[in-house]
Amino acid sequence: MYESYLDETHTAIRESVRTFVKREVEPYLDEWEDAELFPREIYTKAAEAGFLALGYPEQYGGVECDYFHRLVQAEEFCKAGSLGLVAGLFSLNIALPPILAVGSEEQKQRFIPPVLAGEKIAALGITEPNTGSDVANIQTTAVRVGNHYVVNGAKTFITSGCRADYVTTAVRTGGPGHEGVSLLVIESSTPGFTVANKIRKMGWNASDTAELSFVDCRVPVENLLGGEGQGFQAIMHNFMDERLSMAVMGYACAELAYELTLDYARQREAFGRPLTGFQVSRHKLVDMATQVQVAKSFCYAVAARIQAGDMPITEVSMAKNFACDVADKVCYEAVQLHGGYGYAREYTVERLYRDTRILSLGGGTTEIMKEIIAKYLGI
Ligand SMILES: Cc1cc2nc3c(=O)[nH]c(=O)nc-3n(C[C@H](O)[C@H](O)[C@H](O)COP(=O)(O)OP(=O)(O)OC[C@H]3O[C@@H](n4cnc5c(N)ncnc54)[C@H](O)[C@@H]3O)c2cc1C
């Protein structure tokens, strides 16, 4: 079904992620989940294996590829069974694209190669304590004084924010509304930048999620991306990729939950027969498989359009909503079919159930996606 999109180069990436996960992730994952952090050295190991660089231009240390190479890599990392690991390790993929899209050559050379090499960590700071969905209403200010912007405000829910070296940050340099929004790369070593809190969460436990504070934080004007007032458009453009990535996380986790549940249901017996011996269980499994296939097929079709150079904003929003909803439903049934074991930490479906809940909230909620779809459909 999906083979027409893929060739042996995609299979090779899948295999190399599998090998990496087996060697570097699986033996330690439960420990990282309990500690609510994976070790920093995983960035360098992932970089050495070429995973961080995939999809970035060669002149900044990247490895150029097509959209499906990245998609397959993401799918396979999700199969490790921890979206916290995926979100943390790949926060660069929401932080660097705006630099690549609107940054100067000097900024690209300065910020991108160290992150792709696993030496520096990059995060994206848009959300604030008082505004998430309404991005145009962010309140963090950046006032130009000589050769610096003086930044004051706060960000919250920032993935990798506790240990990021650079935060691609949405700030207000102008008046109200989206026209006043700009993007600044703020280095965490800047005086006035502090990690105010590490947020404890329902899922994504292996990733750190931060509340950040900026108090008279003096950021050189050379760190402004694009011109003043160009931030909002760059943020919206960035969302497209992030949203499809979240859809990929959704169906990949749902697929894993289905596979684990099928295995379990074949082995677990009740009333003298395996769970698959009950029609109701078989039908649940069939519904799970069907939903995964439909979500995955649609995401592949949308990815193919992006690969062809289109900007399918409506379809990306639909893909996010559909695949994330599938993840919720499939993971719910996975826990249900595991019975009490589905509620136990040692079973992966328990983590998948928690980890997938964020997908319909982050990167634009289900309701915001529906508003976008309604607008583009003229409803
Ligand atoms: C684990 C985690 C990681 C995250 N990582 C990052 C990150 O790295 N960087 C970053 O910047 N942010 C990050 N976020 C923030 C995330 O993107 C926001 O939580 C999300 O955009 C929603 O914003 P909010 O929480 O302020 O909710 P709100 O905007 O307050 O929304 C609350 C509810 O109201 C609904 N609502 C709001 N507006 C409308 C409307 N117009 N119509 C209908 N319903 C509406 C929403 O759909 C939602 O159900 C992360 C969040 C989490 C939990």
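The rules behind the values
- Residues numbered from 1 in each chain as written.
- Predicted model: local features only at pLDDT ≥ 70, side-chain atom pairs only at ≥ 80, totals over all residues.
- Heavy atoms only, no water.
- Pairing = 2+ DSSP bridges.
- Helix = DSSP H or I, 4+ residues; strand = E, 2+ residues; numbered from the N terminus.
- 1 Å grid on protein atoms, 1.4 Å probe; cavity = no way out; pocket = protein on both sides within 12 Å on 5 of 7 lines; lining within 4 Å.
- Points joined across faces, edges and corners; volume = space filled by probe spheres on them.
- Nonpolar A, V, L, I, M, F, W, Y, C, P; charged D, E, K, R; others polar.
- Domains from an automatic or database assignment.
- Contact = heavy atoms within 4.5 Å.
- Buried area = accessible area lost by both parts, 1.4 Å probe.
- Salt bridge = Lys/Arg side-chain N within 4 Å of Asp/Glu carboxyl O.
- Polar contact = N/O pair within 3.5 Å; in protein donor to acceptor, adjacent residues only side chain to side chain.
- Near = heavy atom within 4 Å.
- Areas by Shrake-Rupley, 256 points an atom, 1.4 Å probe, with all protein chains shown as cover.

### Side note on the pairing of strand β3 (residues 148-159)
As judged from the 5 bridges shared by strand β2 (residues 141-145) and β3, these two strands associate in the antiparallel manner. Across the sheet, the residue bridging to arginine 144 is tyrosine 149, located in β3. Hairpin connection, β2 to β3: the antiparallel pair is bridged by 2 residues, and glycine 146 has positive phi, about 65°. Inspection of the sheet shows β3 paired to strand β7 (residues 209-220) by 9 bridges, in the antiparallel sense. Within β7, the residue paired with tyrosine 149 across the bridge is valine 219.

### What about the layout of surface pockets?
By volume, the second largest pocket is sized at about 530 Å³. Contributing to the lining of the second largest pocket are 21 residues, with Tyr67, Arg70, Pro97, His237 and Asp241 lying nearest its centre. The set of elements that each furnish at least two residues to the lining of the second largest pocket consists of α4 (67-78), α7 (97-102), α9 (231-267) and α10 (279-307). Tallied by class, the residues present in the lining of the second largest pocket amount to 12 nonpolar, 5 polar and 4 charged. Both domains that furnish three or more residues to the lining of the second largest pocket are identified here as domain 1 (3-116) and domain 3 (233-377).

### With respect to the domain arrangement of the protein
One frequent convention defines the size of an interface as the accessible area lost when the parts assemble. By domain assignment, the protein separates into domain 1 (3-116), domain 2 (122-227) and domain 3 (233-377). Here the C-alpha centre of domain 2 lies 23 Å away from the C-alpha centre of domain 1. With 29 residues of domain 1 at the interface, the matching set in domain 2 holds 24 residues. For the domain 1 face of the interface with domain 2, the top three residues by lost area are Glu36, Arg40 and Phe111, together amounting to 26%. The tally of links from domain 1 across to domain 2 stands at 3 salt bridges. Arginine 110 is the partner of glutamate 187 in a salt bridge, and the nearest nitrogen-oxygen pair spans 3.7 Å. If you look at where domain 1 meets domain 2, you find 15 residue pairs in polar contact (both at pLDDT 80 or more). Contributions of two or more residues to the side of domain 1 that touches domain 2 are made by α2 (29-35), α5 (83-89), α6 (92-95), α7 and α8 (105-116). Residue composition of the side of domain 1 that touches domain 2, grouped by class: 19 nonpolar, 6 polar and 4 charged.

### Describing empty space enclosed by the protein
Empty space among the atoms becomes visible once a probe the size of a water molecule is rolled across them. The tally for this structure, following the rule as stated, stands at 1 cavity of 30 Å³ or more. Roughly 40 Å³ of volume is contained in the largest cavity. Around the largest cavity, the lining residues are Tyr43, Leu52, Gly88, Leu89, Ser91, Leu92, Val115, Lys120, Ile121 and Ala122.

### Some words on the site of the ligand
For the ligand, the set of nearby residues contains 19 residues, the closest of which are Thr127, Ser133, Phe157, Thr365 and Glu367. Note that an oxygen atom of the ligand is positioned 2.8 Å from one of the backbone N or O atoms of isoleucine 126. Threonine 365 has a polar side-chain atom sitting 2.6 Å from an oxygen atom of the ligand. Notes on the ligand: free accessible area 980 Å², of which the protein chains cover 64%. Elements represented by at least two residues in the shell around the ligand include exactly β1 (122-125), β3 and α13 (366-377).

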